[in-house]
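Structure assessment
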Amino acid sequence: MTTETVRKNPPNTIIAAFFGFLVSTVSAIAGGLLVLTGRDEIAAALRRANPALPPDRLDQLTSLAQAVPVAIAVVIALVYLWLSFKLKTGRNWARVTLTVFTLLQAASLLTTEPSWAGYLSCGVAIVATVLSYLSPSNRYIAGVRRAG
């Protein structure tokens, strides 16, 4: 009977998935920051929706319309980063959660008008998800689960 020792270092597939999720996070933040370049378009859309808006209120609503997506992107990025580090330590629940988030991200591409950063972020997240389920990743996570 042979016993397999638990690997202390994650396999290359987990490392690549970890970095893939990091790249996905950075590109998602870039996409979230793109809203900051669209101030004039946002203001024009708000003006069309309500032509009677006073200029100071229009400015406030435009700023809010820019700040909310950026804040959401930052929160999502922090959660993604936390989950990525947990994946690197072999936590299966983090892998499953990242998989669910990646599926939701892919579904959002169908319901929104994503930027190039949205497509890039989703594509990299899909590759990272696949890497996290390859055989070396499965063995590593199973070994961590048995040891922990």
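Reading the values: the criteria
Residues numbered from 1 in each chain as written. Predicted model: local features only at pLDDT ≥ 70, side-chain atom pairs only at ≥ 80, totals over all residues. Heavy atoms only, no water. Helix = DSSP H or I, 4+ residues; strand = E, 2+ residues; numbered from the N terminus. Rg over C-alpha atoms; globule rule 2.2 N^0.38 Å. Buried < 20%, exposed > 50% of the residue type's maximum accessible area, 1.4 Å probe, protein only. Contact = heavy atoms within 4.5 Å. Areas by Shrake-Rupley, 256 points an atom, 1.4 Å probe, with all protein chains shown as cover. Axes fitted to C-alpha atoms, helices over the stretch in contact; angles between N-to-C directions. Left-handed = near helix turned anticlockwise from the far one by under 90°. Nonpolar A, V, L, I, M, F, W, Y, C, P; charged D, E, K, R; others polar.

1. Points about the overall build of the protein chain
Check the secondary structure of the protein chain and you find 6 helices and 0 strands. Going residue by residue from the N terminus, the α and β elements of the protein chain occur as α-α-α-α-α-α. Compactness check: the protein chain gives a C-alpha radius of gyration of 20 Å against a globular reference of 15 Å for 148 residues, more than 25% above the reference. Buried residues in the protein chain amount to 33% of all 148 residues. Across the protein chain, every contact between residues at least 6 apart in sequence was considered, and the portion connecting residues at least 24 apart equals 69%. For the protein chain, the computed accessible surface area is about 9,100 Å², with 68% contributed by carbon and sulfur atoms.

2. Description of the packing of helix α4 (residues 92–111) against helix α5 (residues 116–132)
Contact geometry for α4 and α5: axes closest at 9 Å, N-to-C directions at 145 degrees. Taken as a pair, α4 and α5 cross one another with a handedness that is left-handed. Contacts between α4 and α5 pair Arg95, Leu98, Thr99, Thr102, Gln105, Ala106 and Leu109 from the former with Gly118, Tyr119, Ser121, Cys122, Ala125, Ile126, Thr129 and Ser132 from the latter. Of the residues contributing to the contact of α4 with α5, the split by class is 7 nonpolar, 7 polar and 1 charged.

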